[in-house]
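# Per-entry structural report
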Amino acid sequence: MTSFPNDTDDPDIPEGPETQERPRILIIEDDPLNRSFLEAQIRGLGYEILTAEDGAVALEILNNQEPVDLILLDLFLPRVSGEEVLHAIRSDSINNSIPVIVITAADDAERRARVLRSGANDFIRKPFDVEELTARITAHLAARQTVQLASLLEVAGAIAHEINQPLTGLIGYAEMIRMHAASDAKIAKWVGNICMCAERISKTVKRLVALQKYTTIHYHGRRHILRMDADADDGE
């Protein structure tokens, strides 16, 4: 016997923390004093901090933990060098867009140029000025958010366009069936439920089209999904 979902049923989407309230920064530094100093300075700005004492630990964090929003990378690391870590980040389909600021005592113009060509977003020499470092972190995080939003809006617009046309047809045919089946209460009720579900989808499509900002919730593993209701509440 075929069963039909209740029209109040919602998809089983797990709740989770919004990821954009506290950007997550990974500090990759083998010197304990430098690592602790960086962590204390950046944590004081309200960021969530992860630390790695060598390149191998850093790659393990990037592969197995929550996504990070920015990386502070020392070049001279045990086991896996900073340049190897940078290459691995830029070769990874999930992590390749993370901004990387290299912090190192190396005074080598050729090395700096090579690292920047390899995908580093910025380069700061030790000893560094804390105010300058925090300003660069803020700038790179803001730029990353802008790029993410622009990409999301493009995807949202494309999805809305692809859904809207068949959805309009679905609603139209459902209304025709309801008119012709008015004498059959059970069929009329089922078709009414179809129309209600289609209208819910239609509202979601309109929200996608009007999307100007967004938050996300944790979904599964390293993935997050768009939280629609936060933006919709602002616009209604």
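These remarks concern the structure in this document. Everything numeric in this text was worked out from a predicted model, so none of it was measured.

### Thoughts on empty space enclosed by the protein
Evaluated as defined, the whole model comprises one cavity of 30 Å³ or more. Taken as a whole, the largest cavity encloses approximately 30 Å³ of empty space. Lining the largest cavity are I27, I28, E29, L38, L72, L73, D74, I103 and K126. Among the elements of the structure, β1 (24-28) and β3 (70-73) are those that each provide at least two residues to the lining of the largest cavity.

### Quick look at the sheet that holds strand β4 (residues 100-104)
Read from one edge to the other, the open sheet built from five strands follows the order β2-β1-β3-β4-β5, with strand pairing classed as parallel. A strand with exactly one partner marks an edge of an open sheet, and here the two such strands are β2 (48-52) and β5 (122-125). Pairwise comparison of adjacent strand axes, ignoring direction, gives a mean angle of 20° for this sheet. Set on the sheet, helix α1 (residues 32-43) makes contact with β1, β2, β3 and β4; between it and β2 the angle comes to about 170°. Helix-sheet contacts for helix α4 (residues 109-117) involve β4 and β5, and the interaxial angle to β5 is about 150°.

### Observations concerning the pairing of β5
Within a regular strand, side chains alternate between the sheet's two faces. The pairing of β4 with β5 spans four bridges and is parallel. Pairing of I103 across the sheet is with I124, part of β5. Taken together, β4, α4 and β5 constitute a β-α-β crossover, and its handedness is right-handed.

### Here we look at the pattern of salt bridges
According to the stated counting rule, one finds ten salt bridges in the structure shown. Here D54 makes a salt bridge to R79, at a shortest N to O gap of 3.3 Å. With D54 in the loop between β2 and α2 (55-64) and R79 in the loop between β3 and α3 (82-90), this pair connects stretches of sequence that are 25 residues apart.

### Quick word on α1
Here α1 contains twelve residues, and its C-alpha end-to-end distance of 16 Å stays within 8% of the 16 Å for a straight helix at 1.5 Å per residue. Looking at α1, one finds that the buried residues are R35, L38 and I42. Buried residues in α1, looked at end-on, bunch into an arc of 70°, giving them a common side. For α1, exposure combined with an orientation more than 90 degrees from the buried face picks out L33 and A40. The opening residue of α1, the one whose side-chain oxygen lies 3.0 Å from the backbone nitrogen of L33, is D31.

### Brief notes about the side chain of K126
Summarising the element assignment, K126 is placed in the loop between β5 and α5 (130-180). Exposure remark for K126: the relative accessible area of 18% places this residue in the buried category. A distance of 2.7 Å separates the side chain of K126 from the side chain of E29, its partner in a polar contact.

### Considerations on the environment of F128
Along the chain, the position of F128 falls in the loop between β5 and α5. Among all residues touching F128, those that are not within four sequence positions of it are F37, L38, I103 and L133.

### Considerations on unusual backbone geometry
Of the consecutive residues K126 and P127, the connecting peptide bond is found in the cis state with omega at -5°. Mapping P127 onto the fold places it in the loop between β5 and α5. Of note in this structure, R79 is not a glycine but carries a positive phi near 70°. For R79, a relative accessible area of 65% translates into the label exposed.

What counts, and where the lines are drawn
Residues numbered from 1 in each chain as written. Predicted model: local features only at pLDDT ≥ 70, side-chain atom pairs only at ≥ 80, totals over all residues. Heavy atoms only, no water. 1 Å grid on protein atoms, 1.4 Å probe; cavity = no way out; pocket = protein on both sides within 12 Å on 5 of 7 lines; lining within 4 Å. Points joined across faces, edges and corners; volume = space filled by probe spheres on them. Helix = DSSP H or I, 4+ residues; strand = E, 2+ residues; numbered from the N terminus. Pairing = 2+ DSSP bridges. Axes fitted to C-alpha atoms, helices over the stretch in contact; angles between N-to-C directions. Contact = heavy atoms within 4.5 Å. Right-handed = clockwise from strand over helix to strand, strands pointing away. Salt bridge = Lys/Arg side-chain N within 4 Å of Asp/Glu carboxyl O. Expected span 1.5 Å × (residues − 1). Buried < 20%, exposed > 50% of the residue type's maximum accessible area, 1.4 Å probe, protein only. Arc of directions from axis to C-beta. Polar contact = N/O pair within 3.5 Å; in protein donor to acceptor, adjacent residues only side chain to side chain.

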